[in-house]
Amino acid sequence: MQLSWPGGPLHGIAQLPASKSEANRALILQALAGGGTLRNLSDANDTQLMRRLLSAAPSTAVLDAEDAGTVMRFLTAYLAVTDWHGRLIGTARMQERPIAVLVDALRQAGARISYLNNEGFPPLELAGFADVPSRAEPTELAVRGDISSQYISALLMVGPRLPGGLRLQLTGHIGSRPYINMTVALMKLFGADYSVEGDTFLVRSTPYQPTDYTVESDWSAASYWYSLVALAPAGSEITLPWLRQASLQGDQAIVGMMAHFGVETTFLPDGVHLRQQPVAAGAPALAFDFTDCPDLAQTVAVVAAARSIPVEMTGLESLRIKETDRIAALQTELAKFGGDLRDAGEGRFQAESTGFKVNGQSVATYHDHRMAMAFAPLAVLGTLFIESPTVVKKSYPQFWKELAKIGFTVTEAD
Ligand SMILES: O=C(O)C1=C[C@@H](OP(=O)(O)O)[C@@H](O)[C@H](O)C1
Ligand SMILES: C=C(OP(=O)(O)O)C(=O)O
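Residues numbered from 1 in each chain as written. Chains lettered and ligands numbered in written order. Predicted model: local features only at pLDDT ≥ 70, side-chain atom pairs only at ≥ 80, totals over all residues.

Across its full length, the protein chain carries 12 helices and 22 strands. In terms of overall dimensions, the protein chain is globule-like: its C-alpha atoms have a radius of gyration of 22 Å, near the 22 Å expected for 414 residues. If one aligns the C-alpha atoms of the protein chain with their principal axes, the spans along those axes are about 70 × 45 × 40 Å. In the protein chain, which comprises 414 residues, the share counted as buried stands at 51%. In the protein chain, once contacts between residues fewer than 6 apart in sequence are set aside, the share between residues at least 24 apart is 72%. (Helix = DSSP H or I, 4+ residues; strand = E, 2+ residues; numbered from the N terminus. Rg over C-alpha atoms; globule rule 2.2 N^0.38 Å. Buried ≥ 20, exposed ≤ 12 C-beta atoms within 10 Å, placed from the backbone. Contact = placed C-beta atoms within 7 Å.)

Rendered as structure tokens:
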């Protein structure tokens, strides 16, 4: 796909998808509660896939979670506690994304799960739940928090279905914590009874209640519009309708990060307004930790390189096991423009550039929606090609259409 910008400042309105993280939790909670209405589910593949698989599960022996981490992890726990028998499969990349921490914990709770190919990775065979005598004491589990928070969210959501509830102790360094907070906030809305002490959650066996919920607009998707405003000519501004300040999503952290690149955020009653402001000269060196918001790392790395504002980036460990190895993908693609994500050792990376130029390069996307959307904003600086552009359907199927609406020339040819 070819992208180009006719020149001049950006002005316009961009529609965002609804959050896939919220939607996929709400869909699991709705299924466990046995009712309630969910509004503003997006047409993104991750959301629609979760919806389809949940309704197909009772009569289907093979479910394909494709490339959706939340679907694979949340469904593993859901299908285990609902005594489902069958195979849960995924794409080639999903077969490289680890799941042992979750499977070990579920086995300990009584689930019968085995690996069909490689130990510790999908695809999985589920064979119901062992007969655990009903008891008053909660199931006690301890899981490490440094690989993926999705295992923790998956376990917490099924907690009320475990005999006696669940006492879940998180161990080690905890990544993506705002996603865990989102999980328990939504569980509470659906009637769960839980308490937290330090890093230990006690989820009681109180059943969920059918609940109506309207999914918020997606802050991770908003980050690409922040990039555009950061990179576009002075005076650029974009409105993002329905995006909310009071959000369950940790990726709202983009507001603070992008302020350093001159993007000023104004919260309106029914959306957010972004405007580019000059960055003060001689500002201190930037350092951001992405432990809590890993999905923003690609957005920020590309903007930092393109603006030649070096940023030290930490908390990137989980990037290697997402839709692709995002560190390697960023390094390869940024190099095409004169940018880099330099490994500075001890978990520190430096996003930087020398003579960054956009002049007709073609960006490979590695089956990763965020590679496509993080690089697309570079088109305000020059003509750009994005390979396999349909990859955005995972979280933001309308992304290219929204870019065209705001004035980009978007030529469909791959
Ligand atoms: O729970 C969620 O909805 C998510 C958690 C994060 O994953 P990790 O917990 O694996 O970092 C994030 O990267 C992913 O896009 C969505
Ligand atoms: C990591 C992501 O998704 P998931 O883990 O749900 O596949 C993402 O959307 O950036």
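Having seen the model, we can carry on.
A separate point is the UniProt feature "binding site: phosphoenolpyruvate" (unreviewed entry) in the protein chain. As annotated in UniProt, the feature "binding site: phosphoenolpyruvate" (unreviewed entry) corresponds to K20, G69, R97, Q150, R326, R370 and K394 in the numbering used here. By the element assignment, K20 lies in helix α1 (residues 20–33). Topologically, R326 is positioned in helix α10 (residues 326–335). (UniProt positions renumbered as here; feature names shortened; annotations may be inferred.)

Spatially, four strands are ordered β20-β21-β1-β22 in an open sheet, and the strand pairing comes out mixed. With partners counted over all chains shown, the strands left at the sheet margins are β20 (362–363) and β22 (409–411), one partner each. (Pairing = 2+ DSSP bridges.)

With that settled, the discussion passes to the UniProt feature "binding site: 3-phosphoshikimate" (unreviewed entry) in the protein chain. Mapped onto the present numbering, the UniProt feature "binding site: 3-phosphoshikimate" (unreviewed entry) falls on K20, S21, R25, S148, S149, Q150, S176, D295 and K322. Its 27 C-beta neighbours within 10 Å are what place K20 among the buried residues. The residues touching K20, leaving out its near neighbours within four places in the chain, are S42, A44, D46, T47, D218 and S395. By secondary structure assignment, the location of S149 is in helix α5 (residues 149–158).

Around ligand 1, the structure places 13 residues, and the nearest of them are S21, S148, S149, S176 and Y179. Secondary-structure elements contributing two or more residues to the shell around ligand 1 are α3 (69–81) and α5. Residue contributions to the shell around ligand 1 peak at three residues, all from α5. Of the residues that constitute the shell around ligand 1, the class distribution is two nonpolar, 10 polar and one charged. (Near = placed C-beta within 6 Å. Nonpolar A, V, L, I, M, F, W, Y, C, P; charged D, E, K, R; others polar.)

Here E237 lies in strand β13 (residues 237–241). In sequence terms E237 and W225 are 12 residues apart; their C-alpha atoms lie 9.6 Å from each other. When residues no more than four places from it in sequence are discounted, the contact partners of E237 are H11, V229, H273, L274 and R275.

What follows deals with the nonpolar core. Among the nonpolar cores identified, the biggest contains 73 residues, and W225, V229 and A301 are the most heavily contacted of them. Take this core: its biggest share by element is 10 residues, from helix α7 (residues 219–231). In terms of nonpolar packing, the next biggest core, distinct from the first, is built from 65 residues, A111, L170, A192 and Y213 among them. (Core = buried A, V, L, I, M, F, W, Y, C linked by C-beta atoms within 7 Å.)

A separate point is the sheet that holds strand β6 (residues 111–115). In space, the four strands of this open sheet follow the order β4-β5-β7-β6, with mixed pairing throughout. Looking at strand neighbours, the two that pair on one side only are β4 (62–64) and β6, the edges of this open sheet. On average, each strand axis in the sheet is tilted by 25° relative to the strand beside it, whichever way the strands run. Helix-sheet contacts for α3 involve β4, β5 (85–89), β6 and β7 (124–129), and the interaxial angle to β7 is about 30°. (Axes fitted to C-alpha atoms, helices over the stretch in contact; angles between N-to-C directions.)

Under the domain assignment, the protein chain is made up of domain 1 (2–17 + 217–411) and domain 2 (20–214). Split into classes, the residues belonging to the side of domain 1 that touches domain 2 amount to six nonpolar, seven polar and five charged. (Domains from an automatic or database assignment.)

Quick look at unusual backbone geometry now. Residues P122 and P123 are joined by a peptide bond in cis, for which omega reads 5°. With respect to the helices, strands and loops of the structure, P123 is situated in the loop between β6 and β7. The phi dihedral of N40 falls on the positive side, at around 65°, and the residue is not glycine. Mapped onto the secondary structure, N40 falls in the loop between β3 (38–39) and α2 (45–56).

In this section: the confidence of the model for the protein chain. Chain-level pLDDT for the protein chain is 96 on average; 99% of the residues reach the 70-or-more range. In the model output, the complex is listed with pTM 0.98 alongside ipTM 0.99. (pLDDT = per-residue confidence, 0-100.)

To continue, consider α5. With respect to burial, α5 is a largely interior element, 10 of its 10 residues being buried. Restricting attention to buried positions, one finds in α5 the residues S149, Q150, Y151, I152, S153, A154, L155, L156, M157 and V158.

As a further point, take helix α4 (residues 100–109). What α4 keeps buried is the set V101, L102, V103, A105, L106 and A109. Packed against the buried residues of α4 are α3, β6, β7, β8 (139–144) and α5. Backbone geometry just downstream of α4 places G110 in the positive-phi region, at approximately 125°.

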